[in-house]
Structure formats: C-alpha cells, structure tokens
Amino acid sequence: MSDPPLHIHYPGVPGPIVSSARQPSYARMNVNTYYYVAGPVFRWDMPEIERIRLAYHQNSMSDPFNRPIFLQFLRSLRIDSTMRGVRNLISLTYAQKLSLVAAIPLIAAVAAIALVVAYESRATAESEIQALERRLIEAKKDELRNYVTQARNGFAYIYGRASPDDEIAKNLVAQILSAMIYGKDGFFFVYDYDGNNLVSPRQTEFINRNWVGLTDSDGTPIVDEFISLARQGAGWHSFMWQKPSTGEEAQMIAYVVGLQDWRWVVGTGVFIDDIVATVANARAEVEARVQRTFMYIGGIVLAAVLIVFASGMLLNFRERRLADAKLKELTQRVLDAQEEERGRVARELHDGISQILVGVRYALDNARRRLIRGDDTAAQEPLQTGIDNLATAITEVRRISRDLRPGVLDDLGLGPALKALTNDFSERTGIETEFSTVVFRNRLDQDSKIALYRIAQEALTNIERHAGATRVTIDLRGHKKGATMRITDNGRGLRSEPGHVSTGIGLRNMQERIEQLDGTLRILSSRGGTAIEVSLPLSHMLPPQEDPTPKRKAGY
C-alpha cells in the first residue's frame, strides 16, 4: 500500500508541492522520493525528508507542514539552486579551457610588451620634450641678453662719462629705457639697490615705490633676487608675473645687469607661456600616440584571441567529430567482441557441457529403468557412465570459467597464470610453448596483471588461428624501467602492406589495453615469425612490502 500524493499550497511557491505516491506506507522517505513545484523536479536531503516526514505524521492533514520546517526547506532549496548556478557558471568546457590556456599566455605577453613599449615611448618622448624645452628657453635667454646688451650700448656713452651722482645723466638714461618697449608685453625695468622702482613703462603703478620682499604667487622672491644678481654682475631669473596686455599671470624669464656706479638694476623679461603651451602640446601628443599604440595593440590582441578561439573551436569540433567516430567504432567493436564472446560461450555450452549433460540424463534414465526392473547389477554401468560424464562437465565448466576469468591470476599472480595458460595452449594445440620469467623485485598492480594476461591470451589465440607456428616463447621480466612481456612465434607473420602492420580487432584490443596503462606495444612481423613486445612503466610496479594479497605465494 502507498501513501496518497500530498499536495501542499504555500505562499510564494508558484504551484503546489506534490510528493511522490510511489513510496509504500511503511517505508521511510529517502533521497529517491521526488517532489516538484509547478513542474520542476528536485530532491530533498535526507535530514529534511525525515523532519518533514515526522511533521507530516504529527500534524493534522490540514496543516501537514509546520511553518519553521517548511521555511528552512525553502531556504536550503534556494541556497542549493544558487550554488548549482555558480558551479554551472564557473565550469568550463574542453574548448573553453583550450582557448583559455592558449589565450592567457598570449594576452600576458602582449600586455607586458605594451607596458614596456608605453614606458619606453614615454621616457624617450619626455627626454626629447625636456631637450626641446631647454633649447627654447636657451633661445629666449640669448634673445634677452641681446636686448639688454643693445640697450646698454644705447646709453653707454652717457653712463661712461657720468659720475655716480649725476642726476641729469640718470634721468636721460631712464627716459631712454622707458622708450624701449617691444611686442605686446616687452619692456625694460630699472630698480636701485634699495628696491625702489625707477622705470616700468607698461606698469607705471610700480614706479617710485619700494618693492623689497616682493614675491610671486608661488612665493619666489623677485626684486630681492634682481638686486642679488645685479650685485654679482648679471644673471637670469624665472618667476610668475602679470602680463601687461591681459593681466593674466604667466611664467617670465628676466635678464638683469648691474650698473655698479649708479647702484642700478637694469633688465628686461619675456613670457614663456608659449614654451609651456608647446611643451604641454608635445606631452599631449605623446600621450595620444601612446593611447593609439595601446589601441592598435589591443586590436591585434583581440584579433589574435579571436583567431585562437576560432582555431580552438574548429580543432575541438574536429576532434569531437573524430572522437565521436572513434567512440562509435569502439562501441561497435565492443559489441562485436561481446557477441563473439557470447557466441563462443554459447557454443562451448551447447557443444560441450550441454551434450555431456544430455548423456548424463540418458545414463541416469537408463539406470533408473534397470533399477525399476530390479536389475541392480546392470544399473551400475550407466551410473558409472553418468558419473564420468559429470566429471567431464565439471572439467569443462572449470575450463570455461578459467578462460573468462582465471582464478590462478587472483590466487597466485601473473607468472603462474601465464604458465598455466601456456601449458593449456600447448596441450590443446600441440604447439611447443616455452614460458620464462624472473620474479620481480617490484610487483605489478592488479590492472597491469589483467592487461598482460589478456594480451597474452589474445596473442596465443591469434597464433593458434592464423600463424601456423610450431614454436612459441613467452618471456616476462621486470627491470629498472618497469616490466616487459615478449611473445614470439615462428609462424608466417602478419599479412600487411609494406611498412604497415595489420590492425585487426585483436591487435587493436591489445593496443587499447596497453594505452590505458600508459605503456607501449610493439609488433615486429616478418616471414620468419612475429614478435609482440609489451612494456609497462615503473609506475605500475608496487614496492615489495605493498603486497595486496599476503596469503599468495607468487607475486609476479
């Protein structure tokens, strides 16, 4: 008997929660009990199921879920859905991983190149800009020196003959300097060593005022520095000053000379805002070039990444198609091998054991009839025949079982199993078979034992069916690189085109078995016979102390 389906309506849930009605009433809910909300199927964890199950039985049918349990269930369901969505977002396909592995080094290398190029471009450009700025400033300084030199030559005949107290000569020189204006903002200025302004034709508000301690907006002293340079003979000074034409503050370079007899500072200045603008434009142009370079590099990287991504997708699509084709072929081969093995086992059972058991039945039936007639002596012969046939059937069952899965491989190891296989092969076929081995210092793991045994079994089957050989040797030994098994025969060899070895299903099975263990398979064939050499790496050799079956005496 099963519980009826349970329909629960709850606010915020898009539909009723319906429990599965497939659970018997006496059974406990388990992880295979399905529930859905408006169609989507989900599962409850075992603790939640038990708690809701208890709530279902303890509460009335009108309120089968108590509110705290159900709210906790909804929270756990939301958390589980969120985590599942995050896992889906961060999980990558093979093509995405391949593209990512190929693109990340490319992007990192190009980013490093771009940073180096940008750094070197900026450093080179900055060096050139500074050199340009120095050349332009030097040109301005030379221009200022020429102006001052020409002005001094203009009043040298007056200053040379005048005495330190000649006010007439001083006034005449002041008039000459006041008349020397050039450009929109060029003019000559004169201060005495006490800081009083004597000449300032474009800014007359400075005249006859003392300007000792005057500084610009950056705190740079102006008049005091003029006096210091004049006392030393001559010099340049840079500071911020208002343009007479616009009233805006700009960078100025001034050149002053000292008239020591009159204790005068005579000089002129030129604004270098055009140089500052030129340098700023040069830096902006460099930055624009660097940004364009980054854009070009980014475009190249994007194109390269797209090419890598497209190539990876094409490669993945091609490899997937090949893998699908190989998988289909392998599946078909597996099915063919299964059918072949089933047919073989069926023939063995029908032609061997079935016939023997039929004989046993007839013998027992014959003995029964004789016993019914009271002829006990005559019944002994068919009974003995039945017993002999049963012994034969038992032997056949053991042989088939040994072919399917040799018990000696699990009980004694690979060496005794191969020895029994070669002895049975020699007795059955009459082919002289020799088996030799060296007890390994390191023992093979279970997968390697099974693979080597099946390869030897397949090789002997091929020799029996196709080689026409009279002698077979199997050599198994371990060495410092792993383990090697070599099977040779003196048969007719494999029939194949020159340079290509035949690849039947048996040989493909050998190859696939050994590839799964990261080993190698070599097949050397000629008219004088065939040699199959199988090598396994050292990773499949267990240390002597790691004996998974301590009760077994042989450890090959």
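Right above here is the structure, for reference.
Residues numbered from 1 in each chain as written. Predicted model: local features only at pLDDT ≥ 70, side-chain atom pairs only at ≥ 80, totals over all residues. Heavy atoms only, no water.

Trainee: I'd like to hear about the environment of Pro221, residue by residue, with values.
Mentor: Turning to its location among the elements, Pro221 is positioned in the loop between strand E7 (197–199) and helix H5 (223–232). For Pro221, a relative accessible area of 35% translates into the label partly exposed. Ignoring anything within four residues of it in the chain, the contact list for Pro221 reads Leu214, Thr215 and His237. (Helix = DSSP H or I, 4+ residues; strand = E, 2+ residues; numbered from the N terminus. Buried < 20%, exposed > 50% of the residue type's maximum accessible area, 1.4 Å probe, protein only. Contact = heavy atoms within 4.5 Å.)

Trainee: Describe the environment of Thr220, with residues and values.
Mentor: With respect to the element layout, Thr220 can be found in the loop between E7 and H5. The spacing of Thr220 and Phe239 is 19 residues in sequence and 6.6 Å in space, taken between C-alpha atoms. The contact partners of Thr220, leaving out residues within four places of it in the chain, are Leu214, Thr215, His237 and Ser238.

Trainee: With reference to specific residues and values, describe the packing of aromatic side chains.
Mentor: Under the defined criterion, the tally for this structure stands at twelve aromatic pairs. Taken together, a centroid distance of 4.5 Å and an interplanar angle of 50° make the contact between Tyr147 and Tyr182 tilted. Of this pair, Tyr147 sits in helix H3 (residues 94–161) while Tyr182 sits in strand E5 (residues 181–182), placing them 35 residues apart in sequence. Judged by centre distance (6.3 Å) and plane angle (70°), the rings of Tyr182 and Phe188 are edge-to-face. The exposure class of Tyr182 is partly exposed, given its relative accessible area of 22%. Members of the aromatic cluster, connected to one another through ring pairs, are Phe189, Tyr191, Phe206, Trp211, Phe226, Phe239 and Trp241. Stacked on the ring of Phe271, the Lys or Arg Lys243 has its end atom at 5.9 Å from the ring centre. (Phe/Tyr/Trp six-rings, centres within 6.5 Å; stacked < 30°, edge-to-face > 60°. Lys NZ or Arg CZ within 6 Å of the ring centre and 35° of its normal.)

Trainee: Please set out helix H4 (residues 167–179) residue by residue, giving values where relevant.
Mentor: Over its 13 residues, H4 extends 18 Å from the first C-alpha to the last, a length consistent with the 18 Å expected when each residue adds 1.5 Å. Of all the positions in H4, only Ala169, Lys170, Val173, Ala174 and Leu177 are classed as buried. The buried residues of H4 occupy an angular sector of 135° when projected down its axis, which confines them to one face. In H4, the exposed positions angled more than 90 degrees off the buried face are occupied by Ile168, Gln175 and Ala179. Here H4 starts with a cap whose side-chain oxygen sits 3.2 Å from the backbone nitrogen of Ile168, and that cap is Asp166. (Expected span 1.5 Å × (residues − 1). Arc of directions from axis to C-beta. Polar contact = N/O pair within 3.5 Å; in protein donor to acceptor, adjacent residues only side chain to side chain.)

Trainee: Pulling in residues and values, what's your account of the pattern of salt bridges?
Mentor: Within the structure shown, the criterion is met by 15 salt bridges. Measuring nitrogen to oxygen at the nearest pair gives 2.7 Å for the salt bridge that ties Arg122 to Glu287. Here Glu287 lies in helix H6 (residues 273–372) and Arg122 lies in helix H3, a separation of 165 residues in the sequence. Exposure remark for Glu287: the relative accessible area of 29% places this residue in the partly exposed category. Members of the salt-bridge network, linked through shared partners, are Asp365, Arg368 and Arg369. (Salt bridge = Lys/Arg side-chain N within 4 Å of Asp/Glu carboxyl O.)

Trainee: Give me unusual backbone geometry: which residues, what numbers.
Mentor: With phi around 60°, Asn208 is a residue other than glycine that occupies positive phi space. Turning to its location among the elements, Asn208 is positioned in the loop between E7 and H5. With a phi angle near 60°, Arg263 is a residue other than glycine that sits in the positive phi range. Among the structural elements, Arg263 can be located in the loop between strand E9 (249–259) and strand E10 (264–271).

Trainee: So what's going on with the side chain of Glu533? Residues and values would help.
Mentor: By the element assignment, Glu533 lies in strand E16 (residues 529–537). In this structure the side chain of Glu533 is engaged in a polar contact, spanning 2.9 Å, whose partner is the side chain of Arg486. Not counting chain neighbours up to four residues away, the residues in contact with Glu533 comprise Thr484, Met485, Arg486, Thr520, Leu521 and Arg522.

Trainee: Residues and numbers for the nonpolar core, please.
Mentor: Of all hydrophobic cores here, the largest spans 34 residues; its most connected members are Leu414, Leu418, Leu452, Ile463, Met485 and Ile487. Elements with a contribution of two residues or more to this core: helix H9 (414–429), helix H10 (446–467), strand E13 (471–479), strand E14 (482–489), helix H11 (505–516), strand E15 (520–526) and E16. A total of nine residues in this core trace back to one element, the largest contributor, which is H10. (Core = buried A, V, L, I, M, F, W, Y, C linked by side-chain atoms within 4.5 Å.)

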